[in-house]
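What the coordinates show
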Amino acid sequence: MIKIKFLEIISINRIINALLYLLSFFLLTFYLFLLILSTRPQVSLEYQTYYIQKELKNWGGNSSFSYTLGTPLLINDSNVTINTRMSAGWSHLETDGCWTDGYNAKLWFKDLPDKNLTVYIEIADILATKSITAYGNGQLLGNITRSALASDNIWLIDLPERVLSHGELELRFQINEPQSTPTDSRKLGVKIRKVLIDE
């Protein structure tokens, strides 16, 4: 009788151990799944840029990067929503444009067609002693210097289809040797008035 009870206890313990191992396996699998999901979150570009990467100056909602092809994007104090697509690296908005302040400044766009496009940038002034380089989603697009700027102050940049990522564009300006002035301690590179993307 005691021997039967002992065998029943051992088989109950084996069942409990098997269930605990099974539960541990499922928990481990669940946590690995969560870990994989955390490396590639399924969130909007705006959410990722503001909350995860912490690059945006201001939160404008999940559609603040939307852009309609051919629409001029004014970068001045009359456009109160422009700063919802601007990174750190931009100074405050002024009536005639906005200066880059530092070595990098970014603008984001989405809802662009996946085809060859052109970026038109109207420049108010360049103070950087070397070139301003433009990157699209990390790929070199071109550069400009003060002496190479056309008389209409428009910088034309070809935007090949291969650069676009599902209609999304991170347009980054790298400022080589920004300058301060005797009356302004900011690290000024380029002052941009307007950006337009079209075919």
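The structure under discussion appears in the preceding block.
Everything in this summary refers to the structure shown in the same document. Everything quoted here is computed from the prediction, not taken from an experiment.

**Examining the overall build of the protein chain**
- Each helix and strand counted, the protein chain has 2 helices and 10 strands in total.
- Helices and strands appear in the protein chain in the N-to-C order α-α-β-β-β-β-β-β-β-β-β-β.
- Taken over the C-alpha trace, the protein chain has a radius of gyration of 27 Å; the compact-globule value for 199 residues is 16 Å, which it surpasses by more than 25%.
- For the protein chain, the residues scored as buried account for 37% of the 199 residues in total.
- Sequence separation of 24 or more characterises 66% of the internal contacts of the protein chain that already satisfy a separation of 6 or more.
- Surface accessibility of the protein chain: about 11900 Å² in total, with carbon and sulfur atoms responsible for 57%.
- With 19 positive and 20 negative side-chain charges, the protein chain shows a separation of 11 Å between the mean positions of the two kinds.

**Let's talk about the nonpolar core**
- Formed by 36 residues in total, the largest nonpolar core has its most connected members in Phe-109, Ile-121, Ile-132, Trp-155, Leu-169 and Phe-173.
- Among the elements of the structure, strand E3 (104–109), strand E4 (117–126), strand E5 (132–136), strand E6 (139–144), strand E7 (154–159), strand E8 (169–175) and strand E10 (184–198) are those that each provide at least two residues to this core.

**Considerations on the pairing of E8**
- Among the 7 residues that make up E8, 6 are buried, leaving the element largely enclosed by the rest of the structure.
- Sheet topology places E3 next to E8; 6 bridges connect them, and they run antiparallel. Bridge pairing links Asn-104 to Gln-174 in E8.
- For E5 and E8, the ladder comprises 5 bridges, and the chain directions are antiparallel. The residue of E8 that forms the bridge with Ala-134 is Phe-173.

**Considerations on the packing of aromatic side chains**
- A complete count under the given rule lists 11 aromatic pairs for this structure.
- Arranged with centres 5.6 Å apart and planes meeting at 40 degrees, the rings of Tyr-50 and Trp-59 form a pair that is tilted.
- Among the residues examined, Tyr-50 registers a relative accessible area of 25% and is labelled partly exposed.
- Considering the side-chain rings of Trp-155 and Phe-173, the 6.2 Å spacing of their centres and the 50 degrees angle between planes classify their relative orientation as tilted. Taken together, the positions of Trp-155 in strand E7 and Phe-173 in strand E8 put the pair 18 residues apart, joining distant regions of the chain. Judged on exposure class, the residue Trp-155 and its partner Phe-173 are both buried.

**Some remarks on the environment of Gln-179**
- With respect to the helices and strands, the residue Gln-179 is situated in strand E9 (residues 179–181).
- A sequence separation of 51 residues divides Gln-179 from Ala-128, and the C-alpha atoms of the two residues are 5.7 Å apart.
- Among the polar contacts listed, one links the side chain of Gln-179 to the backbone oxygen of Glu-177, at a separation of 3.1 Å.

**So, the sheet that holds E8**
- Across the sheet, 4 strands lie side by side as E3-E8-E5-E6; this open sheet has antiparallel pairing. Edge positions in the sheet fall to E3 and E6, since each of these pairs with one other strand and no more. Taken over all neighbouring pairs, the strand axes of this sheet differ in orientation by 20 degrees on average, direction set aside.

Procedures and definitions
Residues numbered from 1 in each chain as written. Predicted model: local features only at pLDDT ≥ 70, side-chain atom pairs only at ≥ 80, totals over all residues. Heavy atoms only, no water. Helix = DSSP H or I, 4+ residues; strand = E, 2+ residues; numbered from the N terminus. Rg over C-alpha atoms; globule rule 2.2 N^0.38 Å. Buried < 20%, exposed > 50% of the residue type's maximum accessible area, 1.4 Å probe, protein only. Contact = heavy atoms within 4.5 Å. Areas by Shrake-Rupley, 256 points an atom, 1.4 Å probe, with all protein chains shown as cover. Lys, Arg positive; Asp, Glu negative; His and termini not counted. Charge placed at Lys NZ, Arg CZ, Asp CG, Glu CD. Core = buried A, V, L, I, M, F, W, Y, C linked by side-chain atoms within 4.5 Å. Pairing = 2+ DSSP bridges. Phe/Tyr/Trp six-rings, centres within 6.5 Å; stacked < 30°, edge-to-face > 60°. Polar contact = N/O pair within 3.5 Å; in protein donor to acceptor, adjacent residues only side chain to side chain. Axes fitted to C-alpha atoms, helices over the stretch in contact; angles between N-to-C directions.

The analysis is restricted to geometry; functional conclusions fall outside its scope.
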